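The chain contents come next:
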Amino acid sequence: MDILCVCGNGIGTSVLLKVNVEQAAADLGMDVNVTTSDAGSAKGTANMNDLVLTSNELASELEGTTTPVETVDNFMDMDEIKNILKEYAD
Amino acid sequence: MADFKAFLPDSSFALDVSVEDWKGAIQRSGDALVASGFTTDAYTQQMIETVEKMGPYIVIAPGLALAHSRPSDAVLGTGLSWIRLKTPVEFGNKANDPVSLVIGLAGRDEQEHLQVMSAIAGALTNKEKTAKLAQAETPDEIRAILEG
């Protein structure tokens, strides 16, 4: 499963989210490939992924993409991240 | 293991400081990055502009803001600053305000700071460590908690 983590600049928050998503996926036994992007270029790369994760503030920038977009409130809450991943696991 | 002394030297810390508002908090985190030789003053302004342009998305967890901007000439090296506020301030983020810890990030590329970000994520997703970090009194104590 390919997951894209999106933040404003593609270097700070999205990298932190990537680290936690990889950990959450490992805990759930899911096989994921996580990449990061800034909001500006995310629209172009979103459809090459199965799931896009971002923060509430940036979700509107991704309107129109066909890949599901889920927002994360607390990037440090592993349970919140796992609950999102579980919805897409199969 | 990430080299915390290099990424978070003593000059990167300001513990229990008072600021007026979110701009003051980011200013402080930028000043600490400059003091540690990671950035120039221009980067501090870029971090503030990031929030002005894109909103307070940098408040990524309750009480925690990750102040940063994109790599530019204003970034001299990869490193962090750690600003703990005496009185929390509002950034305008509904889910996670008010902010009591601002981590400033200067990054030249993603790979370079991935290791240190992993260590920080590992500590901040752990409730026990987060509580200890809020109580720690010295940079040495904070680095030890992050490394442990």
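About the cut-offs
Residues numbered from 1 in each chain as written. Chains lettered and ligands numbered in written order. Predicted model: local features only at pLDDT ≥ 70, side-chain atom pairs only at ≥ 80, totals over all residues. Heavy atoms only, no water. UniProt positions renumbered as here; feature names shortened; annotations may be inferred. Salt bridge = Lys/Arg side-chain N within 4 Å of Asp/Glu carboxyl O. Helix = DSSP H or I, 4+ residues; strand = E, 2+ residues; numbered from the N terminus. Buried < 20%, exposed > 50% of the residue type's maximum accessible area, 1.4 Å probe, protein only. Pairing = 2+ DSSP bridges. Contact = heavy atoms within 4.5 Å. Buried area = accessible area lost by both parts, 1.4 Å probe. Polar contact = N/O pair within 3.5 Å; in protein donor to acceptor, adjacent residues only side chain to side chain. Axes fitted to C-alpha atoms, helices over the stretch in contact; angles between N-to-C directions. Parallel < 35°, antiparallel > 145°, perpendicular 65-115°, else oblique. Nonpolar A, V, L, I, M, F, W, Y, C, P; charged D, E, K, R; others polar.

By the naming in an unreviewed UniProt entry, chain B goes by Ascorbate-specific PTS system EIIA component and is assigned to Bombiscardovia apis. The Function (unreviewed entry) comment attached to chain B in UniProt states, word for word, "The phosphoenolpyruvate-dependent sugar phosphotransferase system (sugar PTS), a major carbohydrate active transport system, catalyzes the phosphorylation of incoming sugar substrates concomitantly with their translocation across the cell membrane. The enzyme II UlaABC PTS system is involved in ascorbate transport." As stated in UniProt under Subcellular location (unreviewed entry), the record for chain B gives "Cytoplasm".

With an unreviewed UniProt entry as reference, chain A is termed PTS ascorbate transporter subunit IIB, source organism Bombiscardovia apis.

Asks: Help me get a handle on the pattern of salt bridges, residues and values and all.
Replies: Residue and element names in this part refer to chain B. Across all of its chains, the model carries seven salt bridges over all chains by this definition. Of the charged contacts in the structure, one is a salt bridge between Asp140 and Arg143, with a shortest N-O distance of 2.7 Å. In this pair, Asp140 and Arg143 are both assigned in helix 6 (residues 139-147), three residues apart and thus about one turn of the helix distant. Residue class for Arg143 comes out buried when judged on its relative accessible area of 3%. If you follow the salt bridges from partner to partner, you end up with Lys5, Asp10, Asp140 and Arg143 in one network.

Asks: Outline the pairing of strand 3 (residues 64-68) of chain B, listing residues and values.
Replies: Regular strands place their side chains on alternate faces of the sheet. All names here are of chain B. Of all five residues making up strand 3, five are buried, and the element is well covered by its neighbours. Residues Leu64, Leu66 and His68 point to one face of strand 3 and Ala65 and Ala67 to the other, with burial holding for every one of them. Of the strand pairs in this sheet, strand 2 (residues 59-61) and strand 3 are connected by two bridges, and their pairing is antiparallel. Among the inter-strand pairings, Val59 is bridged to a residue of strand 3, identified as Ala65. Sheet topology places strand 3 next to strand 5 (residues 99-106); five bridges connect them, and they run parallel.

Asks: An account of the interface of chain B and chain A is requested, with residue identities and associated values reported.
Replies: Each side of the interface is counted separately: chain B has 29 residues, and chain A has 22 residues. Note on chain B versus chain A: buried area summed over both sides is about 2,100 Å², and carbon and sulfur give 66% of it. Our count for the chain B to chain A interface comes out at four residue pairs in polar contact (both at pLDDT 80 or more). Going through the elements one at a time, helix 3 (41-54), strand 2, strand 3 and helix 4 (110-124) of chain B are the ones with two or more residues in the side of chain B that touches chain A. By residue number, the principal contributor to the side of chain B that touches chain A is helix 4 of chain B, which donates seven residues.

Asks: Describe the packing of helix 5 (residues 127-135) of chain B against helix 6 of chain B, listing the residues and the values that go with them.
Replies: All names here are of chain B. Here helix 5 crosses helix 6 at 170 degrees, and the two axes come no closer than 9 Å. In terms of orientation, helix 5 and helix 6 fall into the roughly antiparallel class. Two secondary-structure elements touch here, helix 5 through Lys129, Lys132 and Leu133 and helix 6 through Ile142, Ile145 and Leu146. Across the contact of helix 5 with helix 6, the residue classes break down as four nonpolar, no polar and two charged.

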